[in-house]
Amino acid sequence: MTVISAALFGTGWRPAPPGGTELLRECAARGWTVVLTGPGPLGVPVLTVADPGGDPVGAALALVDGEPSHAVAVAGSVREVRAARRAGVPCVALETGGNAGPELRAAGAAEVHRDAAALLRVLDDSLLARPRAFGPVGAGTGGARNG
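Model, not experiment: these values are computed from the prediction.

1. Examining the sheet that holds strand S2 (residues 34-36)
The 6 strands are arranged S3-S2-S1-S4-S5-S6 in an open sheet whose pairing can be described as parallel. At either margin of the open sheet sits one strand with a lone partner, and together these are strand S3 (47-48) and strand S6 (111-113).

2. Digging into the packing of helix H2 (residues 56-63) against helix H3 (residues 78-87)
Contact geometry for H2 and H3: axes closest at 7 Å, N-to-C directions at 55°. In this view, H2 runs oblique relative to H3, as classed from their interaxial angle. Mapping the contact onto sequence places Pro56, Val57 and Leu61 in H2 and Ala83, Ala84 and Ala87 in H3. Looking at side-chain class alone, the contact of H2 with H3 contains 6 nonpolar, no polar and no charged residues.

3. Quick look at helix H1 (residues 20-29)
For H1, the set of buried residues is Gly20, Leu23, Leu24 and Cys27. What you see down the axis of H1 is that its buried residues fit within an arc of 100°, all on one side. Residues of H1 that are buried make contact with strand S1 (2-4), S2 and helix H5 (116-121). Downstream of H1 by one or two residues, Gly31 has phi in the positive range, about 100°.

Thresholds, definitions, all that
Residues numbered from 1 in each chain as written. Predicted model: local features only at pLDDT ≥ 70, side-chain atom pairs only at ≥ 80, totals over all residues. Heavy atoms only, no water. Pairing = 2+ DSSP bridges. Helix = DSSP H or I, 4+ residues; strand = E, 2+ residues; numbered from the N terminus. Axes fitted to C-alpha atoms, helices over the stretch in contact; angles between N-to-C directions. Parallel < 35°, antiparallel > 145°, perpendicular 65-115°, else oblique. Contact = heavy atoms within 4.5 Å. Nonpolar A, V, L, I, M, F, W, Y, C, P; charged D, E, K, R; others polar. Buried < 20%, exposed > 50% of the residue type's maximum accessible area, 1.4 Å probe, protein only. Arc of directions from axis to C-beta.

These figures capture arrangement, not role.
Written out as C-alpha cells, the structure is:
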C-alpha cells in the first residue's frame, strides 16, 4: 500500500507538480494499493481518505485494513513526514511542499526527491520499487472502500 499526500498534486489555486499523476499510475501498475490523504487527480486508480483529520497515515491504513510494515508514505511536508513516522510507516518525501531536503530528512524521511517526476526517474531504486519487498501483493488491503 502507498499512502500519498494529495497536497502534492495541486489544488484549484496551486498547479500540480510535474509527474504527480504519472507517479500514482505507476505505483498502481506495480501492484500498490494507492490511498490519497485528500482529493487527488481524476482518472487515477486510487482510494481517497475523505477526512483524514490529524492522522492522515493512520486514516489511510484504516481505510484498507493496512499494516505499517506493508506501506510506504509519500509526503510533501515535515508535518506529513512526522505523521508517517508516528504511524510506523517509512516515508519518501518530495520537496514540492515547501520544505527542503535536510528538514525532511531530519523529520524522518528515508528518501527525499525534488518532485514526483524526479522520484519517477529513480523509482526502481526507491522504497516504492516493489510492494513485494513488504509482503505479498494485496497483503493488508482487505476491506477497501472509497472514503
